[in-house]
Amino acid sequence: MDTYDRKAFVLAYAKANDPDITDPKPGGYFDAVRRHRAELLAGLERLFELELTMEAAPDGPLFMLFRATTRSYLAITGPMSGFLEAGLIHSRLERAGIHEVVLRDMGRITEINAESKAAHLDILDTLVAQLLGDKADRVFTQDDLAAIGVSTTPPDHDDYDWADEL
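Residues numbered from 1 in each chain as written. Predicted model: local features only at pLDDT ≥ 70, side-chain atom pairs only at ≥ 80, totals over all residues. Heavy atoms only, no water.

J.: Sorry if this is basic, but what is going on with unusual backbone geometry here?
T.: Generally, phi is negative for residues other than glycine and the peptide bonds are trans, each holding for most cases. Phi is positive for E49, which is not a glycine, with a value near 60°. Considering the arrangement of structural elements, one finds E49 in the loop between helix 2 (29-48) and helix 3 (60-74). (Helix = DSSP H or I, 4+ residues; strand = E, 2+ residues; numbered from the N terminus.)

Listed below in structure tokens is the structure:
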């Protein structure tokens, strides 16, 4: 990402608060991703001059809705969410003669989920604009983040020993 506007700020908050980022090995790749996301959010909070916490928010009830909407956004999934490899499931669906029907309906769920995510992001953008006030239209660059010591480059999964991760 070259620039960081309030929508990027919202996404940084969501990613930093994603409960699905867990690491079976302390100090591994997923811990590095979690740290990177937290650092990026902290940098954007500093640049936007708004800490996205209940204690710091200028309007507690709006922040409560912002936080709840973020949790709802992060909870949007589908039946195949979380599967890294689903070949066995697909072969069983084919054997049962229901593969096409199930995939069609999963496609519908995917479309509905995309619409839901877009609506959630619209709400989050509106709420954070209100919380930011006259700072809502600020846009920052990678250079702005680098100037305060924040890297926008996420950890490289190739830098980690995956034999120990899984």
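Picking up after the structure, the text goes on.
J.: How do you make sense of the pattern of salt bridges when you look at a structure like this?
T.: Opposite charge on two side chains lets them pair, provided their charged atoms get close. A complete count under the given rule lists seven salt bridges for this structure. Among the salt bridges present, the one from D125 reaches R6, with a minimum N-O distance of 2.8 Å. Pair noted here: D125 is in helix 5 (residues 99-132) and R6 is in helix 1 (residues 6-16), with a separation of 119 residues, a long-range link. Where D105 meets R104, a salt bridge forms, and the shortest distance between an N and an O atom there is 3.2 Å. Residue class for R104 comes out exposed when judged on its relative accessible area of 51%. The network of salt bridges with shared partners includes R6, D125 and D137. (Salt bridge = Lys/Arg side-chain N within 4 Å of Asp/Glu carboxyl O. Buried < 20%, exposed > 50% of the residue type's maximum accessible area, 1.4 Å probe, protein only.)

J.: Whenever I open this one, helix 5 confuses me. Can you help?
T.: Because each turn of an α-helix spans 3.6 residues, side chains separated by three or four positions in sequence point in the same direction. An ideal rise of 1.5 Å per residue puts 50 Å on 34 residues; helix 5 measures up with 48 Å between its terminal C-alpha atoms. Restricting attention to buried positions, one finds in helix 5 the residues H99, M106, N113, H120, L121, L124, D125, L127, V128, A129, L131 and L132. Close packing links the buried residues of helix 5 with helix 1, helix 2, helix 3 and helix 4 (87-96). Following helix 5 by one or two positions, G133 adopts a phi angle in the positive range, close to 60°. (Expected span 1.5 Å × (residues − 1). Contact = heavy atoms within 4.5 Å.)

J.: Mind showing me how you'd approach the environment of V10 here?
T.: By the element assignment, V10 lies in helix 1. Residues V10 and D144 lie 134 residues apart in sequence; the distance between their C-alpha atoms is 18 Å. Excluding anything up to four places from it in sequence, V10 contacts F66, L121, L124, D125 and V128.

J.: I'm lost on the packing of aromatic side chains in this one. Help?
T.: Aromatic ring pairs are described here by two measures, namely the spacing of the ring centres and the angle between the planes. Counting across every chain of the model gives six aromatic pairs. Arranged with centres 4.6 Å apart and planes meeting at 10°, the rings of F9 and F48 form a pair that is stacked. One end of the pair, F9, is in helix 1; the other, F48, is in helix 2, with 39 residues separating them in the sequence. Taking relative accessible area as the criterion, F48 reaches 0% and is therefore assigned buried. Between the aromatic rings of Y13 and F63, the centroid separation amounts to 6.3 Å while the plane-to-plane angle is 80°, which identifies the pairing as edge-to-face. Pair noted here: Y13 is in helix 1 and F63 is in helix 3, with a separation of 50 residues, a long-range link. Given the relative accessible area of 5%, Y13 is considered buried. Among the aromatic residues, those joined into a ring-pair cluster are F9, F48 and F140. Sitting over the face of the ring of Y73, K117 holds its NZ or CZ atom 5.6 Å from the ring centroid. (Phe/Tyr/Trp six-rings, centres within 6.5 Å; stacked < 30°, edge-to-face > 60°. Lys NZ or Arg CZ within 6 Å of the ring centre and 35° of its normal.)

Note that every value here comes from positions in space, so none of it alone points to a role or purpose.
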